[in-house]
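Descriptive analysis of the structure
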2 protein chains.
Amino acid sequence: MDHLTEKMLSSEKLFGGRVIDLYLEEVELPNGKTSTREVVKHPGAVAVIALTSDHKMVMVKQYRRPMDRILVEIPAGKLEKGEEPIVTAKRELEEETGYTTDSLSHIISFYTSPGFADELVHLYLAEDLKVMTTKAELDEDEFVEVMEVTVDEALTLIQNKEIYDAKTAYAVQYLQLKSGLGE
Amino acid sequence: MDHLTEKMLSSEKLFGGRVIDLYLEEVELPNGKTSTREVVKHPGAVAVIALTSDHKMVMVKQYRRPMDRILVEIPAGKLEKGEEPIVTAKRELEEETGYTTDSLSHIISFYTSPGFADELVHLYLAEDLKVMTTKAELDEDEFVEVMEVTVDEALTLIQNKEIYDAKTAYAVQYLQLKSGLGE
């Protein structure tokens, strides 16, 4: 064992839910002492920077229960069991926005809350968007409103705390950087 | 009620921990049907982009139990009850890196996992770093190793998935953007 790694001594599943599972784990610290860790297990998710032909970002407004408020976010959703992230990305884009595309490229993946959860978000860029003739169905407990905004408008939404989550803030910065570099 | 907002019908606390609490909530959806939401409550956190005089980012390597691996992240930590985020930022910088500063400015705050958790991270920029003569103590179950990397080295760490979390990826992009704009 190196000077940073913890060794798991026991793991108790406290809750198994539709979205997350919760474990309470006892660990041996690098100095030989013990401690407990609260660990949320999540199936992973995708998020999509969807750019229209006039360079707008497709956003979804949706109510988020943990904050008890409506947020503006890039389209996103959980991985189904065994699903390739790029397949999830296409499906969530279709379900949430009514757009589809064959042009999806992976940008980056990142853990969202490494201190207590293993959620990994895979971020994709979607271009050459086409409006679907038959709109895909949202999940039955999902209600969203679609918006299209310029990067400048997105920056204003960040100022106003309507865009208020890490993946969407990352996405806006990504596009600022991409345009700033003249790509 | 608007066409997006859910109404909470009941909330059951399933777990109260050192870091997070877990609630199972029943909600009324905008269409009048009911559903359940799994909600993790977190006290909130800070993260710090700490820049040395030679323009390096101060990073901490630490083991993260949810992923069972070591990650390279910007210094970060949870808010103590009632603590102002800027106070937490200074404290975590001191404890984790041995640097201190009087120059801390707020960059942005964002929710990390709005689908299931209310964790809000407040991101600060720390400049004019001074080495502390007496190193502040880490929490007794915290073990970290400090690194200083250029933005280019950080981009390589992202490629190698050693930097693999949202706040640190955002921080690297922030500095790319700042330098690209000639600030």
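Position labels on residues start from 1 in each chain and follow its written sequence. The lettering of chains begins at A and the numbering of ligands begins at 1, in the order of writing. This being a predicted model, a pLDDT of at least 70 is required before a residue's local features are given, and a value of 80 or more before pairs of side-chain atoms are given or counted; all residues contribute to the totals for chains, interfaces and linings. Values reported for side chains reflect all heavy atoms of the structure, with hydrogen atoms and water molecules removed beforehand.

**So, the UniProt feature "domain: Nudix hydrolase" (unreviewed entry) in chain A**
Filter applied, for reference: UniProt positions are given in the numbering used here, feature names are shortened, and annotations may be inferred rather than shown by experiment. Strands are runs of DSSP state E lasting at least two residues, helices are runs of H or I lasting at least four, and both sets are numbered from the N terminus onward.
Those places that UniProt annotates as "domain: Nudix hydrolase" (unreviewed entry) correspond, in this numbering, to residues 40–171 of chain A. As annotated, residues 40–171 of chain A comprises 21% helix and 39% strand, and the C-alpha atoms at either end are separated by 25 Å.

**What about the interface of chain B and chain A?**
To keep things clear, this is the line we draw: Contact between two residues is taken to exist if any of their heavy atoms lie within 4.5 Å; hydrogens are not considered. Buried area, as used here, totals the accessible surface that two parts lose on assembly, with accessibility defined by a 1.4 Å probe and the loss added over both. By definition, a salt bridge exists where a carboxyl oxygen of Asp or Glu is found within 4 Å of a side-chain nitrogen of Lys or Arg. As a working rule, the residues Ala, Val, Leu, Ile, Met, Phe, Trp, Tyr, Cys and Pro are called nonpolar, Asp, Glu, Lys and Arg charged, and the rest polar, with Gly in that last group.
Tallying the contact residues gives 65 residues for chain B and 65 residues for chain A. Together chain B and chain A conceal approximately 5900 Å² of surface at their shared face, both sides included; 66% is due to carbon and sulfur atoms. The three residues of chain B that bury the most area against chain A are Leu4, Glu38 and Arg65 of chain B, which together make up 12% of that side's buried surface. Here chain B is connected to chain A by four salt bridges. Broken down by secondary-structure element, the contributors of at least two residues to the side of chain B that touches chain A are β1 (7–16), β2 (21–28), β3 (34–41), β5 (57–64), β6 (69–73), β9 (103–111), β12 (144–149) and α3 (166–180) of chain B. Among the elements that make up the side of chain B that touches chain A, the one with the highest residue count is α3 of chain B (eight residues). For the side of chain B that touches chain A, the class distribution of residues is 34 nonpolar, 13 polar and 18 charged.

**Section: the domain arrangement of chain A**
To be explicit about the condition: Here the bounds of each domain stem from an automatic or database domain assignment.
The domain boundaries assigned to chain A delineate domain 1 (5–39) and domain 2 (44–179). Measuring from the centre of the C-alpha atoms in domain 1 of chain A to the corresponding centre in domain 2 of chain A gives 31 Å.

**Quick look at the relation of the copies chain B and chain A**
The criterion, for reference: A least-squares fit on C-alpha atoms brings the copies together, and the residues used are those whose pLDDT is at least 70 in both copies.
Laying chain B over chain A is done by rotating through 180 degrees and shifting 0.0 Å along the axis; what remains is an RMSD of 0.0 Å. Interpreted geometrically, this transformation is the action of a two-fold axis. Interface overlap between copies: 100% of the residues of chain B at the interface are likewise at the interface in chain A, consistent with a symmetric, same-surface contact.

**Regarding the sheet that holds strand β3 (residues 34–41) of chain A**
All names here are of chain A. Short version of the rule: For two strands to be treated as a pair, DSSP must find at least two bridges joining them. Lines fitted to the C-alpha atoms define the axes, with helices restricted to the stretch that makes contact. Angles between their N-to-C directions range from 0 to 180 degrees.
Spatial ordering of the open sheet is given by β1-β2-β3, a layout of three strands whose pairing is antiparallel. Pairing within the sheet leaves two strands with one partner each, and these edge strands are β1 (7–16) and β3. Strand-to-strand twist of the sheet, defined as the mean angle between neighbouring strand axes without regard to direction, takes the value 20 degrees. Pairing of β1 with strand β2 (residues 21–28), which is carried by eight bridges, proceeds in the antiparallel orientation. Residue Met8 lies in a different strand from β2, and its bridge partner there is Val27.

**Digging into the pairing of strand β10 (residues 120–127) of chain B**
Residues and elements named next belong to chain B. Operational definition: Relative accessibility decides the category of a residue: with a 1.4 Å probe and only protein chains considered, values under 20% of the type maximum give buried, values over 50% give exposed, and everything between is partly exposed.
The buried fraction of β10 amounts to seven of the eight residues, a majority that puts the element mostly inside the structure. Sheet topology places strand β4 (residues 45–50) next to β10; six bridges connect them, and they run parallel. Along β10, the bridge assignment pairs Ala47 with Leu123.

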